[in-house]
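What follows is each chain in one-letter form.
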Amino acid sequence: MLLQESRDKATHLSAAHQETVEILTAQVHEEALKNWVLSEDLKLQEGENVILFSELHMLNESNTVLTKQLAECADVHHKECADVHHKEVDTLRTLLQESQERATDFEHLSETVEILTAQVNEEALKNVALSEDLKLQEQQNVDLAADLQLLNESN
């Protein structure tokens, strides 16, 4: 009778620990999925950064071309190029303003990437903690199994 109660109790404890391990394993998988989603978001943000950088590079090239054209027109400034010169200056200012706005957008995206990276790192730390909890639960299960084995051998 006492042996059966002891076996029932050990079986119940083992099942409870197994359930705890399964719950923790599910949590680890859920956190891994969250990390994957954050990683995908980060990849999208990086892709947007590449596009913005490309656009910024093209605008800088355009600014360089317009600056060269402006320098060529400076020689004949007092002649018929005066109007063209003023229009190009306005265009250059507009492009420069747009370039500065894009640079600001790029900085905001970089900050977003840093925030997402921090979140991914935080989730990774949580996963490490959950993994450690899982290892402890597994060790407790091993200890319970050893205790059960000792009980079985003593009975």
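Our structure's up above, just so we're on the same page.
None of the values given here were measured: they were computed from a predicted structure.

We now examine the overall build of the protein chain. For the protein chain, the helix and strand inventory stands at 2 helices and 0 strands. Taken against the 2.2 N^0.38 rule, which gives 15 Å for 155 residues, the C-alpha radius of gyration of the protein chain at 33 Å runs more than 25% over that of a compact globule. Considered along the principal axes of its C-alpha atoms, the protein chain spans approximately 115 × 15 × 15 Å. In the protein chain, the share of contacts with a sequence separation of at least 24, taken over all contacts with a separation of at least 6, comes to 89%. Carbon and sulfur atoms provide 58% of the accessible area of the protein chain, an area that totals close to 11200 Å². Separation between the mean location of the 11 positive side-chain charges and that of the 32 negative ones in the protein chain comes to 4 Å.

Moving on: the packing of aromatic side chains. Tallying each qualifying case throughout the model produces 1 aromatic pair. Look at Phe53 and Phe106: their rings are 6.3 Å apart centre to centre, the planes differ by 45°, and that puts the pair in the tilted class. Of this pair, Phe53 sits in helix H1 (residues 2–74) while Phe106 is found in helix H2 (residues 81–154), placing the two residues 53 residues apart along the sequence. The partly exposed category is assigned to Phe53, whose relative accessible area is 49%.

As a further point, take the pattern of salt bridges. What the rule picks out here adds up to 8 salt bridges. Glu31 is the salt-bridge partner of Lys34, the closest N and O atoms lying 3.5 Å from each other. Highlighted residues: Lys34 and Glu31, both in helix H1, separated by 3 residues, approximately one helical turn. Using a relative accessible area of 39% as the deciding quantity, one classes Lys34 as partly exposed. Residue Lys126 pairs with Glu122 through a salt bridge whose shortest N-O separation is 3.6 Å. Of this pair, Lys126 and Glu122 are both found in helix H2, 4 residues apart, which corresponds to roughly one turn of the helix. Classification of Lys126 as partly exposed rests on a relative accessible area of 39%. You can call Glu122 partly exposed: its relative accessible area is 43%. Overlapping salt bridges bring together Glu30, Glu31 and Lys34 as one network.

Rules and cut-offs
Residues numbered from 1 in each chain as written. Predicted model: local features only at pLDDT ≥ 70, side-chain atom pairs only at ≥ 80, totals over all residues. Heavy atoms only, no water. Helix = DSSP H or I, 4+ residues; strand = E, 2+ residues; numbered from the N terminus. Rg over C-alpha atoms; globule rule 2.2 N^0.38 Å. Contact = heavy atoms within 4.5 Å. Areas by Shrake-Rupley, 256 points an atom, 1.4 Å probe, with all protein chains shown as cover. Lys, Arg positive; Asp, Glu negative; His and termini not counted. Charge placed at Lys NZ, Arg CZ, Asp CG, Glu CD. Phe/Tyr/Trp six-rings, centres within 6.5 Å; stacked < 30°, edge-to-face > 60°. Buried < 20%, exposed > 50% of the residue type's maximum accessible area, 1.4 Å probe, protein only. Salt bridge = Lys/Arg side-chain N within 4 Å of Asp/Glu carboxyl O.

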